[in-house]
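Examining the three-dimensional arrangement
One-letter residues, chain by chain:
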Amino acid sequence: MTRILMVCLGNICRSPLAEGILKSKVSKDSFFIDSAGTAGYHIGNPPDIRSIAVAKKHGLTISNQKSRQFTKKDFDSFDFIYAMDTSNLKSILALSRDENDKKKVKLILNEITPNEDLSVPDPYYGGDNGFENVYKMLDEACQRIANKLKR
Ligand code: 4NP
């Protein structure tokens, strides 16, 4: 089993989409995929209605997800931890205990453009077009992750 965690700030906009998209591209038997937020603002809440809508438009259901906060224990529970932006990356690394923890953490857009350290823009305060843009970025990044790890 390969275990992958998607992480953003609130776990209601970007990482729930990343979780849903990657789940749609890999087998349930070989992959466990989850998401979390570095902040606890929305613990227990479903994804933002705009994320639910853009996922639905692309044929995915993410409305059953519930926000939770990233914890140190996640370093033990996951093989790969993908941060949506550089701020999330810093927050995750601040909780790491050793080099082994650090090695698991990557910026998701570096799967598309290696070493460029680009961030998935936070769509929370933007318009609906922001969510479609985020969807497209995450779809490409997740396709690359799936292609890489399926082999
Ligand atoms: P996310 O977006 O990190 O993609 O889930 C956000 C959601 C909520 C907030 C910020 C970003 N917030 O400040 O409440």
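See the structure shown above.
Residues numbered from 1 in each chain as written. Predicted model: local features only at pLDDT ≥ 70, side-chain atom pairs only at ≥ 80, totals over all residues. Heavy atoms only, no water.

**Comments concerning the site of the ligand**
Worth spelling out the cut-off: In this text, near means that some heavy atom of the residue lies within 4 Å of the molecule or strand in question. Counted as a polar contact is a pair of N or O atoms within 3.5 Å, where, for protein atoms, one must be capable of donating a hydrogen and the other of accepting one, and residues adjacent in sequence contribute only when both atoms are in side chains. Working definition of accessibility: Shrake-Rupley area with a 1.4 Å probe, residue cover restricted to the visible protein chains.
Neighbouring residues of the ligand: Cys 8, Leu 9, Gly 10, Asn 11, Ile 12, Cys 13, Arg 14, Tyr 41, His 42, Asp 122, Tyr 124 and Tyr 125. A distance of 2.9 Å separates an oxygen atom of the ligand from a polar backbone atom of Leu 9. Separating an oxygen atom of the ligand from a backbone N or O atom of Gly 10 is a distance of 2.8 Å. Here the ligand has 360 Å² of accessible area as a free molecule, and 92% of this is covered by the chains.

**Some details on the layout of surface pockets**
Here is the rule we go by: The way it works is a 1 Å grid over only the protein atoms, where trapped points that fit a 1.4 Å probe form a cavity and open points with protein on both sides within 12 Å along at least five of seven lines form a pocket, and then any residue with an atom within 4 Å of a point lines it. Grid points are joined across faces, edges and corners, and a volume is the space filled by probe spheres set on the points. Three residue categories are used. Nonpolar comprises Ala, Val, Leu, Ile, Met, Phe, Trp, Tyr, Cys and Pro, charged comprises Asp, Glu, Lys and Arg, and polar comprises the others, including Gly.
The calculated volume of the largest pocket comes to roughly 160 Å³. Taken together, Cys 8, Leu 9, Gly 10, Ile 12, Cys 13, Arg 14, Tyr 41, His 42, Asp 122, Tyr 124 and Tyr 125 make up the lining of the largest pocket. Residue classes in the lining of the largest pocket are distributed as seven nonpolar, two polar and two charged.

**Quick look at unusual backbone geometry**
Keep this limit in mind: When a residue's accessible area, from a 1.4 Å probe over protein chains only, is under 20% of the maximum for its type it is buried; when over 50% it is exposed; and in between it is partly exposed. Helix and strand definitions here come from DSSP, where helices need a minimum of 4 consecutive H or I residues and strands a minimum of 2 consecutive E residues; each element is numbered from the N-terminal end.
You will see that Asn 115, though not glycine, has its phi angle at about 70 degrees, which is positive. Judged by relative accessible area, Asn 115 falls into the exposed class, the value being 71%. Phi angles above zero are rare outside glycine, and Asp 117 is one such case at about 55 degrees. Its place among the elements puts Asp 117 in the loop between strand 4 (105-107) and helix 6 (128-150).

**Some details on the pairing of strand 1 (residues 2-8)**
The cut-off we apply is this: A pair of strands is treated as paired once DSSP finds two or more bridges between them. For the handedness criterion, the strands are oriented away from the viewer, and a crossover whose path from the first strand over the helix to the second runs clockwise is classed as right-handed.
For strand 1, a buried count of five out of seven residues is recorded, marking the element as mostly surrounded by other parts of the structure. Across seven bridges, strand 1 lies against strand 2 (residues 31-37) in parallel orientation. Bridge pairing in strand 2 links Val 7 to Ala 36. Taken together, strand 1, helix 1 (residues 14-25) and strand 2 constitute a β-α-β crossover, and its handedness is right-handed. Bridge count for strand 1 against strand 3 (residues 80-83) is four bridges, and the pairing is parallel. Across the sheet, residue Ile 4 finds its bridge partner in strand 3, namely Phe 80.

**A word on the sheet that holds strand 4**
Quick reminder of the rule: Only the stretch in contact is used when fitting a helix axis, every axis being a line fitted to C-alpha atoms; angles between N-to-C directions are given from 0 to 180 degrees. Every residue pair with non-hydrogen atoms within 4.5 Å of one another is taken to be in contact.
In space, the four strands of this open sheet follow the order 2-1-3-4, with parallel pairing throughout. The open sheet has two free edges, formed respectively by strand 2 and strand 4, since each of these has just one partner strand. Pairwise comparison of adjacent strand axes, ignoring direction, gives a mean angle of 25 degrees for this sheet. Docked against the sheet, helix 1 engages strand 1 and strand 2, running at close to 155 degrees with respect to strand 1. The sheet strands contacting helix 4 (residues 86-94) are strand 1, strand 3 and strand 4, and the helix crosses strand 4 at an angle near 170 degrees.

**Describing helix 1**
As a reminder of what qualifies: Here the expected length of a helix is defined as 1.5 Å per residue gap, with one fewer gap than residues.
Between its first and last C-alpha, helix 1 extends 17 Å over twelve residues, near the 16 Å set by a 1.5 Å rise per residue. Judged by how many residues are buried, helix 1 sits mostly within the fold: ten of twelve residues are covered. Those residues of helix 1 that sit buried are Arg 14, Ser 15, Pro 16, Leu 17, Ala 18, Glu 19, Gly 20, Ile 21, Leu 22 and Lys 25.

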